[in-house]
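In case you want the letters, here they are:
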Amino acid sequence: MGGPWPDSPAPSRRTPRAISSWTTPASPATPAARSLPRRSAAARTTAPSSRQPATAEERRAALLALVACPVAAIGSRSKDGVAEAARAFPLPFAPGVLRCGYAAESSFGAASWLLLRPEGNVLVDSPRYAAPLLARLRALGGVRTMFLTHRDDVADHARWREALGCERVLHARDVSGRTREVERRLEGDAPIPLGAGLLAIPVPGHTAGSCALLADATYLFTGDHLWGDAGGRLGASASVCWWDWDAQRASIARLAQHRFEWVLPGHGRPWRAPSADAAVEAVRALAGALQGRGAPSGSVS
C-alpha cells in the first residue's frame, strides 16, 4: 500500500538520525512502510549513523525522535537524557496546541495533537499509550474529549479512555470492531458543533467517515484528508485514498466554506497560510486543480 505521502514532520523525520543504531529508507509514518516486513533483531543492531549530534540542541532533538518513533528504530548507546525526553511530550506547537509525540505503529506513525481548552482538553487522534505521556496529560488538566479523525489512526484509544475517562468521538461510518464502544458517533455530512469554538467537519474520501476538526476558526485538524508538503504546499493524493477519491475531492472543495489558517494533519507536514483568506484561496486552488485535471494527486502553494 504505497503512496506519495509528504515527509512527516514528526521528530523522527525532522531531526538528523543522530544517535540512530538502525536506519530505514522509508519512514514508518508513510504508507510505503505499511508493507515493510517487521525488522529483525539483527536489523536493529546495524552500525550507528555516521552523523552524531554535535550540540546539546541536536542531542535533545534526537532523543525526542527516539521517544516519538513508532517502531523503536532509533537507539542510543547512552541513556543520558532519555527519561527527560520521555517526559517532554506533549511539546508546544502553537498557542493552545501541543504535539503529543509517541507515534503508534498501529496508526502508521500518525501524529496526534492536544488542544488546551477551558471547557476541557481535546486529544485529536490517539498517540501510543505511555506512562510519561499520561502523567503529562493529567498535569495539563486531563482530556475531556478524544476526537478520532478516521478509523486508521485510533491506536490505543481504549487505553486512553480507561485512563482519562475521555469521551471518544468518531463518525459512525468509520466505526469498526476496534471502535464499537466509542461514546459518541457522528452522523451525516453536515458540520457538527462540538462545543465552544469546535466544529466537526465530515470530509468523506480517505475513509467513508473521515472528519476534520476546526478549532477557533484557526486550526484545522485533517487526519489523512489534507496535508502540507516539504515545499510548503497544500496537497492530497488518490494513492492514499482508501475509500472514494471523487468524494475526497468534493470534500476538499467544501472546506473552502470554512475559515482557518493552519492545516494540522496526521500524516504530512503542518501547513500555515498567511491569513484565513489565503487558506480559502489555497483550498479552492487545490480543489480546482484536482477537479480540473481529474488528477490523482496535487499540491498548491
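Quick caveat, the model's predicted, so the values are computed rather than measured. As a convention, each chain's residues are numbered from 1 in the sequence order in which they are written. Since the coordinates come from a predicted model, pLDDT governs what is reported: local features require at least 70, and pairs of side-chain atoms require 80 or more to be given and counted, while whole-chain, interface and lining totals use all residues. Hydrogens and waters are ignored; side-chain quantities use all the structure's heavy atoms.

Enquirer: How should the layout of surface pockets be read in this particular structure?
Expert: Once rolled over the atoms, a probe with the size of a water molecule shows which space is left empty. A cavity, in this analysis, means grid points on a 1 Å lattice covering only the protein atoms where a 1.4 Å probe fits yet has no way out; a pocket is instead an open set bounded by protein on both sides within 12 Å along at least five of seven lines, and a residue lines either one if it has an atom within 4 Å of a point. Grid points are joined across faces, edges and corners, and a volume is the space filled by probe spheres set on the points. Considered as a void within the structure, the largest pocket measures approximately 220 Å³ in volume. Every residue lining the largest pocket is counted, 13 residues in all, and those nearest its centre are R144, T145, L194, G195 and L198. Just so you know the grouping, Ala, Val, Leu, Ile, Met, Phe, Trp, Tyr, Cys and Pro go in nonpolar, Asp, Glu, Lys and Arg go in charged, and all remaining residues, Gly too, go in polar. Here the residues of the lining of the largest pocket are counted per class, giving five nonpolar, three polar and five charged.

Enquirer: How do you make sense of the sheet that holds strand β9 (residues 198-202) when you look at a structure like this?
Expert: The strands making up a sheet are joined through hydrogen bonds of the backbone, oriented either antiparallel or parallel. Pairing is mixed in the open sheet, where six strands are placed in the order β8-β9-β10-β11-β14-β15. For this open sheet the edge positions go to β8 (192-195) and β15 (271-272), each flanked by a neighbour on one side alone. Here strand β11 (residues 219-223) runs beside strand β14 (residues 262-265); their pairing, made up of four bridges, is parallel. By the bridge assignment for β14, G223 is matched with P265. We call two strands paired when DSSP finds no fewer than two bridges between them. Helix and strand assignments come from DSSP, with helices taken as H or I runs of at least 4 residues and strands as E runs of at least 2, each series counted from the N terminus.

Enquirer: Whenever I open this one, unusual backbone geometry confuses me. Can you help?
Expert: Excluding glycine, residues mostly have negative phi values, and the peptide bonds linking residues are mostly trans. Look at the link from F89 to P90: it is a cis peptide, with omega at 5°. As for its position among the elements, P90 is in the loop between α3 (82-86) and β1 (91-94). Residues other than glycine seldom take positive phi values, yet A155 does so here, at roughly 40°. Turning to its location among the elements, A155 is positioned in the loop between β5 (145-147) and α5 (157-164). Each residue's exposure class comes from its accessible area (1.4 Å probe, protein chains only) as a fraction of the maximum for that residue type: buried when under 20%, exposed when over 50%, partly exposed otherwise. Exposure remark for A155: the relative accessible area of 6% places this residue in the buried category. Its identity as a non-glycine residue notwithstanding, A217 has a phi of 50°, on the positive side. On the basis of relative accessible area, A217 is assigned to the partly exposed category, the value being 43%.

Enquirer: Explain the pairing of strand β6 (residues 167-171) to me, please; I cannot follow it from the model alone.
Expert: In the case of a regular strand, side chains alternate between the two sheet surfaces. Counting buried residues along β6, four of its five residues qualify, which places the element largely inside the surrounding structure. Two strands pair when backbone bridges link them, and β5 and β6 are joined in this way by three bridges, in the parallel orientation. Bridge assignment links T145 to a residue of β6, and that residue is E167. Orienting the strands away from the viewer, one traces the path from the first strand over the helix to the second; a clockwise path indicates a right-handed crossover. Each parallel crossover has a hand, and for β5 linked through α5 to β6 it is right-handed.

Enquirer: For this particular structure, what's the right way to read the environment of P270?
Expert: Looking at where P270 falls in the secondary structure, it is placed in the loop between β14 and β15. Relative accessible area serves as the criterion here: at 22%, P270 is assigned to the partly exposed category. Taking the C-alpha atoms as reference points, P270 and L220, separated by 50 residues in sequence, lie 9.9 Å from one another.

Enquirer: How do you make sense of α5 when you look at a structure like this?
Expert: Note that an α-helix has 3.6 residues per turn; residues three or four places apart therefore point the same way. Among the residues of α5, those classed as buried are H157, W160 and L164. Each buried residue of α5 lies within a common arc of 60° when the element is viewed along its axis, so the set occupies one face. The elements touched by buried residues of α5 are α4 (131-139), β5 and β6. Downstream of α5 by a residue or two, G165 has a phi angle that is positive, lying close to 70°. The reported arc concerns the directions from the helix axis to the C-beta atoms and nothing else. In what follows, a contact means two residues having at least one pair of non-hydrogen atoms within 4.5 Å.

Enquirer: Help me understand the packing of α4 against α5, please; the structure alone is not making it clear to me.
Expert: With axes taken as lines fitted to C-alpha atoms, and helix axes fitted only over the stretch in contact, angles between N-to-C directions fall between 0 and 180 degrees. α5 packs onto α4 with a crossing angle of 45° between their chain directions and a minimal axis gap of 12 Å. By the angle class used here, α4 and α5 are oblique. Regarding α4 and α5, the two cross each other, and that crossing is right-handed. Counted together, L133, L134, L137 and R138 of α4 and W160, A163 and L164 of α5 form the full contact between these two elements. To sort the angles, those under 35 degrees are grouped as roughly parallel, those over 145 as roughly antiparallel, those from 65 to 115 as roughly perpendicular, and the leftovers as oblique. By definition, turning the near helix anticlockwise from the far helix through less than a right angle yields a left-handed crossing, and turning it clockwise yields a right-handed one.

Enquirer: It is not clear to me how the environment of F89 should be interpreted in this structure. Could you clarify?
Expert: The topology assignment puts F89 in the loop between α3 and β1. Classification of F89 by relative accessible area gives buried; the value is 1%. In sequence terms F89 and L64 are 25 residues apart; their C-alpha atoms lie 8.4 Å from each other.

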